[in-house]
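Single-letter residue listing:
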Amino acid sequence: MKKCGLIGGMSWESSLTYYKIINEEINKKLGNLHSGKIILYSVDFEEIAKLQRENNWEKSGEILANVAKNLENAGADFVLICTNTMHKVADDVKRAINIPLIDIRDVVIEEVKNKNLKKVLLLGTKFTMEDKFYKKYLVKKGIDIIVPSLKERDFIHKVIFNELCLGVIKTTSKEEFLKIINSYNVDGVILGCTEIGMIINQNDLNIEVLDTTLLHSKKAVELMIN
């Protein structure tokens, strides 16, 4: 079994989900008492969030690149950044290591194409919904992406940072998320923040739900055992 390196803590709530899914999937596939060989480096999210607010992505990239190098030195065979937003610095991380970085955007593209989805809605932090690093990456692969309105983006961003990253689940927020999603004529929705899966899942909607945390974790499992 290969060793999976996780860059976590952004937030630790979603990192917990990564750890849980990977171990559950490993056990499903291998049985008995099998669990995943995982090396987790959890950062202090407040330090990263402060740099995000200051638009200091260069420093953020340096931090995550150093974390990735530590995971490589610890024996990881590949690395995952356990957050969509910080894939803004994915290239910095890729350049710093000699092992693969499993890009969450590539996993999303693979799923959209497997499901033959024509148009998808992208939810996430404002950085993810508004910056080019995510939407443009998918558009270049031929995927038709739309994002919510400015007012809706502000609401989604606020819920992510003020509620979900703190483990707070509100029914009213879930209802508003569903209202936003259902107001768009799309084939699927990308939960482009690793915390959104805490309140939205496939059972809530009639369109395809692409939970990036679930997809990313399952890709890690595939690489670990093949």
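Because the structure is predicted, anything quoted here is derived from the model rather than measured.

**Comments concerning the state of the cysteines**
A full pass over the atoms with the stated rule returns zero disulfides. Unpaired in this structure, Cys 165 has its nearest cysteine sulfur neighbour in Cys 193, at a distance of 6.0 Å. The class of Cys 165 is buried, set by a relative accessible area of 10%. The class for Cys 193 is buried, based on a relative accessible area of 4%.

**Regarding the nonpolar core**
Within the largest apolar cluster, 44 residues are counted, with the highest numbers of intra-cluster contacts made by Ile 7, Met 10, Leu 64 and Leu 123. A per-element tally of this core places helix 3 (residues 57–73) first, with five residues. The residues contacting Met 10, other than those within four sequence positions of it, are Ser 15, Val 43, Phe 45, Ile 48, Leu 64, Ile 81, Cys 82, Thr 83, Met 86, Thr 194 and Glu 195. The next biggest cluster of nonpolar side chains, apart from the first, holds 29 residues, and it includes Ile 22, Ile 38, Ile 104 and Leu 117.

**Re the packing of aromatic side chains**
Throughout the structure, instances matching the rule amount to four aromatic pairs. Between Trp 57 and Phe 127, the ring centres sit 5.3 Å apart and the planes meet at 80 degrees, which makes this aromatic pair edge-to-face. Here the residue Trp 57 occupies a position in helix 3, and Phe 127 occupies one in helix 6 (residues 126–130), the gap between them amounting to 70 residues. You'll find Trp 57 and Phe 127 in the same group, each marked buried. One cation-aromatic arrangement involves Lys 88 over Trp 57; the distance from NZ or CZ to the ring centre is 5.3 Å.

**Topic: the packing of helix 2 (residues 45–53) against helix 3**
Between helix 2 and helix 3, the least distance of the axes is 8 Å, while the angle of their chain directions is 150 degrees. Relative to helix 3, helix 2 is oriented roughly antiparallel. Side by side, helix 2 and helix 3 meet where Ile 48, Leu 51 and Gln 52 of the first sit next to Trp 57, Lys 59, Ser 60, Ile 63 and Leu 64 of the second.

**With respect to the side chain of Glu 72**
Residue placement: Glu 72 occurs in helix 3. For the buried residue Glu 72, which engages in no salt bridge, the nearest side chain bearing the opposite charge is Lys 69, 8.4 Å off. In terms of polar contacts, Glu 72 uses its side chain to reach the backbone amide nitrogen of Asn 98, at 3.2 Å. Excluding residues that lie within four positions of it along the chain, Glu 72 makes contacts with Ala 96, Ile 97, Asn 98 and Ile 99.

**Focus on the packing of helix 5 (residues 104–114) against helix 10 (residues 212–225)**
The contact between helix 5 and helix 10 brings their axes to 9 Å, and the two run at 100 degrees. Taken together, helix 5 and helix 10 sit at an angle that is classed as roughly perpendicular. Across the interface between the two elements, Ile 104, Val 107, Val 108, Glu 110 and Glu 111 of helix 5 pack against Thr 212, Leu 215, His 216 and Lys 219 of helix 10. In the contact of helix 5 with helix 10, the residues fall into four nonpolar, two polar and three charged.

Reading the values: rules and limits
Residues numbered from 1 in each chain as written. Predicted model: local features only at pLDDT ≥ 70, side-chain atom pairs only at ≥ 80, totals over all residues. Heavy atoms only, no water. Disulfide = S-S within 2.5 Å. Buried < 20%, exposed > 50% of the residue type's maximum accessible area, 1.4 Å probe, protein only. Core = buried A, V, L, I, M, F, W, Y, C linked by side-chain atoms within 4.5 Å. Helix = DSSP H or I, 4+ residues; strand = E, 2+ residues; numbered from the N terminus. Contact = heavy atoms within 4.5 Å. Phe/Tyr/Trp six-rings, centres within 6.5 Å; stacked < 30°, edge-to-face > 60°. Lys NZ or Arg CZ within 6 Å of the ring centre and 35° of its normal. Axes fitted to C-alpha atoms, helices over the stretch in contact; angles between N-to-C directions. Parallel < 35°, antiparallel > 145°, perpendicular 65-115°, else oblique. Lys, Arg positive; Asp, Glu negative; His and termini not counted. Salt bridge = Lys/Arg side-chain N within 4 Å of Asp/Glu carboxyl O. Polar contact = N/O pair within 3.5 Å; in protein donor to acceptor, adjacent residues only side chain to side chain. Nonpolar A, V, L, I, M, F, W, Y, C, P; charged D, E, K, R; others polar.

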